Amino acid sequence: MSNFFAMVNRMKLINRWALMRNTSMENIAEHSHNVAVIAHALCIIGNKKFGKSYDAERCALLALYHDTTEVITGDMPTPVKYYNDNIKSVYKEVEATAGKRLLNMLPDEFREDYTALFEKQKADEELWKIVKAADKIDALIKCIEESRMGNREFDKALEAQKKIIDEIDLPEVKYFKTEFLPAYYLTLDEHTK
């Protein structure tokens, strides 16, 4: 009996933004879906607009699993996770251990197929940059949504996330920011005009 997929299914039980008052809770399953959609889009944009040759489907898959270890570790709040280099380093070790633990839940014959989703491979280095950018964009979108609902709890996070996105040096991110991000400020009625 393998517990792997039952554990992956528990992503829906791990809430994000634990230190913040939320108008709408978000779990890591929802977040991972959003990051996968955005990462896929960034790859398509890179390929069509900037002559890149990203594997968009592979990137979406990496994004879909990027926070899976949190079913074991929980979602550590960003201010804690990145408080200093020591904590950041130790947390990376904890994530690696959680990834190995999840991989060990798979039957041997399938383990190799999932290893690159938990242990970053050199071949996927560019794609992981896209996943990280998509992760940051999704955090900004969450802040926009909370701000639009009048939740001042996210005011500083919104400004911080905007700055982070502005500093990402990828043309596909700049394009997404200009072309697609403004729509997240609109109401449903404004979307359907």
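Shown above is the structure to which this text applies.
**Quick notes on the overall build of the protein**
Stage number 1. Regarding its fold elements, the protein presents 11 helices and zero strands.
Stage number 2. Mapped from its N terminus to its C terminus, the protein presents α and β elements in the order α-α-α-α-α-α-α-α-α-α-α.
Stage number 3. Its C-alpha radius of gyration of 17 Å places the protein within 12% of the 16 Å reference for a compact globule of 193 residues.
Stage number 4. Across its three principal directions, the C-alpha atoms of the protein cover 50 × 40 × 35 Å.
Stage number 5. The proportion of buried residues among the 193 residues of the protein is 40%.
Stage number 6. For the protein, the share of sequence-separated contacts (at least 6 apart) that also reach a separation of at least 24 residues comes to 68%.

**With respect to the pattern of salt bridges**
Stage number 1. Enumeration over the complete set of coordinates arrives at 11 salt bridges.
Stage number 2. Between E159 and K162 there is a salt bridge, with its nearest N and O atoms 3.7 Å apart. Taken together, the residues span about one helical turn, with E159 and K162 both in helix α9 (residues 155-167) at a distance of three residues.
Stage number 3. Accessibility expressed as a relative area gives 48% for E159, which makes it partly exposed.
Stage number 4. K162 gets classed as partly exposed once you look at its relative accessible area, which sits at 30%.

**Regarding helix α10 (residues 171-179)**
Stage number 1. Three or more residues of α10 are buried, namely E172, V173 and F176. Burial along α10 is one-sided: seen end-on, the buried residues are contained in an arc of 100 degrees.
Stage number 2. Residues of α10 that are buried sit in contact with α2 (28-50), α8 (125-148) and α9.

Calculation rules
- Residues numbered from 1 in each chain as written.
- Predicted model: local features only at pLDDT ≥ 70, side-chain atom pairs only at ≥ 80, totals over all residues.
- Heavy atoms only, no water.
- Helix = DSSP H or I, 4+ residues; strand = E, 2+ residues; numbered from the N terminus.
- Rg over C-alpha atoms; globule rule 2.2 N^0.38 Å.
- Buried < 20%, exposed > 50% of the residue type's maximum accessible area, 1.4 Å probe, protein only.
- Contact = heavy atoms within 4.5 Å.
- Salt bridge = Lys/Arg side-chain N within 4 Å of Asp/Glu carboxyl O.
- Arc of directions from axis to C-beta.

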